[in-house]
Amino acid sequence: MSFDPKDLADIRSGLNGAESALAGKTVLLTGAGGFLGRWMVPLIDDLNASGLARPCRLIALDTAAPASEVTGGLKKPEHVTFMTHDLAKPLDLKDHVDFAIHMAGIASPAYYRQKPLETLDVSFFGTRQVLDLARRDGARMLYFSSSEIYGDPDPKFVPTPETYRGYVSSMGPRACYDEGKRIGETLCWIYGHHFDVAAVSVRPFNVFGPGMREKDYRVLPNFASWIKAGKPLKMYGTGKQTRTYCYAADALAGFLLALFKGKGGEAYNVGNDGPELSVIELADRIEKVLGRKVAREIVKHPDHYPADEPNRRCPDLAKSRKELGYAPKIPLEEGLKRYLAWTDRNYSGVQ
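Residues numbered from 1 in each chain as written. Predicted model: local features only at pLDDT ≥ 70, side-chain atom pairs only at ≥ 80, totals over all residues. Heavy atoms only, no water.

Undergrad: Residue-level account of the layout of surface pockets, with values.
TA: Summary: where empty space remains is shown by rolling a probe the size of a single water molecule over the atoms. Counted as a void, the second largest pocket has a volume near 340 Å³. Forming the walls of the second largest pocket are 17 residues, and the residues nearest its centre are E162, E185, R203, G265 and A267. Of all elements in the fold, only helix 6 (175-195) and strand 6 (199-204) reach the threshold of two or more residues within the lining of the second largest pocket. The element that contributes the greatest number of residues to the lining of the second largest pocket is helix 6, accounting for five residues. (1 Å grid on protein atoms, 1.4 Å probe; cavity = no way out; pocket = protein on both sides within 12 Å on 5 of 7 lines; lining within 4 Å. Points joined across faces, edges and corners; volume = space filled by probe spheres on them. Helix = DSSP H or I, 4+ residues; strand = E, 2+ residues; numbered from the N terminus.)

Undergrad: Outline helix 11 (residues 332-346), listing residues and values.
TA: Helix length check: helix 11 (15 residues) gives 21 Å between terminal C-alpha atoms against 21 Å at 1.5 Å per residue, within 8%. Listed as buried for helix 11 are L332, G335, L336, R338, Y339, L340, W342 and T343. Contacts from the buried residues of helix 11 go to helix 1 (5-15), strand 7 (207-208), helix 7 (219-229), strand 10 (246-247), strand 12 (277-278) and helix 9 (279-290). (Expected span 1.5 Å × (residues − 1). Buried < 20%, exposed > 50% of the residue type's maximum accessible area, 1.4 Å probe, protein only. Contact = heavy atoms within 4.5 Å.)

Undergrad: Tell me what's going on with the environment of V197, and back it up with residues and numbers.
TA: Assignment of secondary structure puts V197 in the loop between helix 6 and strand 6. For V197, a relative accessible area of 4% corresponds to the buried category. Sequence separation between V197 and K300 is 103 residues; the distance between their C-alpha atoms is 46 Å. Those residues in contact with V197 that sit more than four places away from it in its chain are L131, A134, R135, A139, Y191 and G192.

Undergrad: Mind laying out empty space enclosed by the protein, listing which residues take part and the relevant values?
TA: This model, assessed by the stated rule, comprises one cavity of 30 Å³ or more. Taken as a whole, the largest cavity holds about 40 Å³ of empty space. Lining of the largest cavity is provided by H102, A104, G105, I106, T119, V122, S123, T127, Y143, Y177 and K181. Mapped by element, the contributors of at least two residues to the lining of the largest cavity are helix 5 (116-137) and helix 6.

Undergrad: Give me a nonpolar patch on the surface: which residues, what numbers.
TA: Residues F124, F125 and I183 make up a contiguous nonpolar surface patch of about 230 Å² in total accessible area. Structurally, the position occupied by I183 is in helix 6. Its relative accessible area of 32% is what places I183 among the partly exposed residues. (Patch = residues over 30% accessible without salt bridge, like charges linked within 9 Å, V, L, I, M, F, W, Y side chains within 5 Å. Areas by Shrake-Rupley, 256 points an atom, 1.4 Å probe, with all protein chains shown as cover. Salt bridge = Lys/Arg side-chain N within 4 Å of Asp/Glu carboxyl O.)

Undergrad: I'd like a description of the pairing of strand 1 (residues 26-30), backed by residues and values.
TA: Counting buried positions along strand 1 gives five out of five residues, so the element sits mostly inside the fold. Residues T26, L28 and T30 of strand 1 are buried on one face, and the alternating residues V27 and L29, pointing to the opposite face, are buried as well. In this sheet, strand 2 (residues 57-62) lies alongside strand 1 in parallel orientation, the contact comprising five bridges. Its bridge partner being in strand 2, L28 is matched across the sheet by I59. (Pairing = 2+ DSSP bridges.)

Undergrad: Give a detailed account of the pattern of salt bridges, specifying residues and quantitative values.
TA: Considering all chains together, one arrives at 20 salt bridges under this definition. Between E266 and K319 there is a salt bridge, with its nearest N and O atoms 2.8 Å apart. One end of the pair, E266, is in the loop between helix 8 (248-261) and strand 11 (267-270); the other, K319, is in helix 10 (residues 318-324), and 53 residues separate them in sequence. A network of salt bridges, in which partner residues are shared, links D7, D10, E334 and R338.

Undergrad: Please give an account of the nonpolar core that cites residues and values.
TA: Judged by nonpolar contacts, the single largest core of 71 residues is most densely connected at M40, I101 and F255. In terms of residue count, the dominant contributor to this core is helix 8 (eleven residues). Apart from residues lying up to four places away in sequence, I101 is in contact with V27, L28, L29, T30, M40, L142, F144, L256 and L259. Judged by nonpolar contacts, the second largest core, of 22 residues, contains I59, L87, L93 and M141. (Core = buried A, V, L, I, M, F, W, Y, C linked by side-chain atoms within 4.5 Å.)

Undergrad: Now, about the packing of helix 1 against helix 8: what can you tell me, with residues and values included?
TA: Viewed as axis vectors pointing N to C, helix 1 and helix 8 meet at an angle of 35°, and their least axial separation amounts to 8 Å. Between helix 1 and helix 8 the crossing geometry is right-handed. In this structure, helix 1 contributes D7, D10, I11, G14 and L15 to the contact, and helix 8 contributes A249, L252, A253, L256, L257 and F260. Of the residues contributing to the contact of helix 1 with helix 8, the split by class is eight nonpolar, one polar and two charged. (Axes fitted to C-alpha atoms, helices over the stretch in contact; angles between N-to-C directions. Left-handed = near helix turned anticlockwise from the far one by under 90°. Nonpolar A, V, L, I, M, F, W, Y, C, P; charged D, E, K, R; others polar.)

This is the structure:
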């Protein structure tokens, strides 16, 4: 897939020069074929072309995604090595790495419900392998946790700060993902405090944008697919559950700022702290972007969707703003405009 140069320019702007830390370095990326991982090859290629003092080399690892999908449409991306590997199995990597970005995981509720053990395996065994590599090479590591570790927070903790310990069940269909991400954060803390590994955790909040698979079965890919097909938007439950949404270009800048500037053993929220919208209000914003009405209907949750969906999700970004200099800038309507333009070109309208 190709990325809009405007998106890559927005990421560079958000980094504000911090990307210079990548000059001459080698980065290990796991989960390279996932939604966010697929941004990294074009981004590194763009940063190399836009003025890093020395090229950055990327080792892109994924379980099943073909190299052509990971390379973002670039015919011959320079300084990229692609590897097919399942992180639930031992990884023998001889290369020295300076940074490790651990994105691998099963994030969609529809899929981790089908593969709970695989979800836990990559959260524990896969994360430990990447931490061992970081320990071996003295690398900085970025671990992709999730805002799901907060569970369904008490309203008095919304917006939710990193200090909130979460309200999460250790049993049930969501536990393999939620508790898996929590154990990954625990591993990062252990390696930081016992082995001096600079492992930073990020907790993404409802990031969306180009690269999301049509059959991801999350709200915006669902909406975009139904719009492409000319079908009504289906809103699960009451349609009143609320989220804030962060466009991927803003989020990518925040993630990399955490890699470069974050404190080892600590976690940082990355997302948008407003507006907090219900699913019904999100549909209203989409109508505004499209300039037309879109049919909608309230339906029961499908059988594949796990219970215990959080009612609200909104990050407190005070820590990320202060310590990382993170400042999301792309308005929701602009992000939706870019995303829907991309889905109109890339989605089939068939789920």
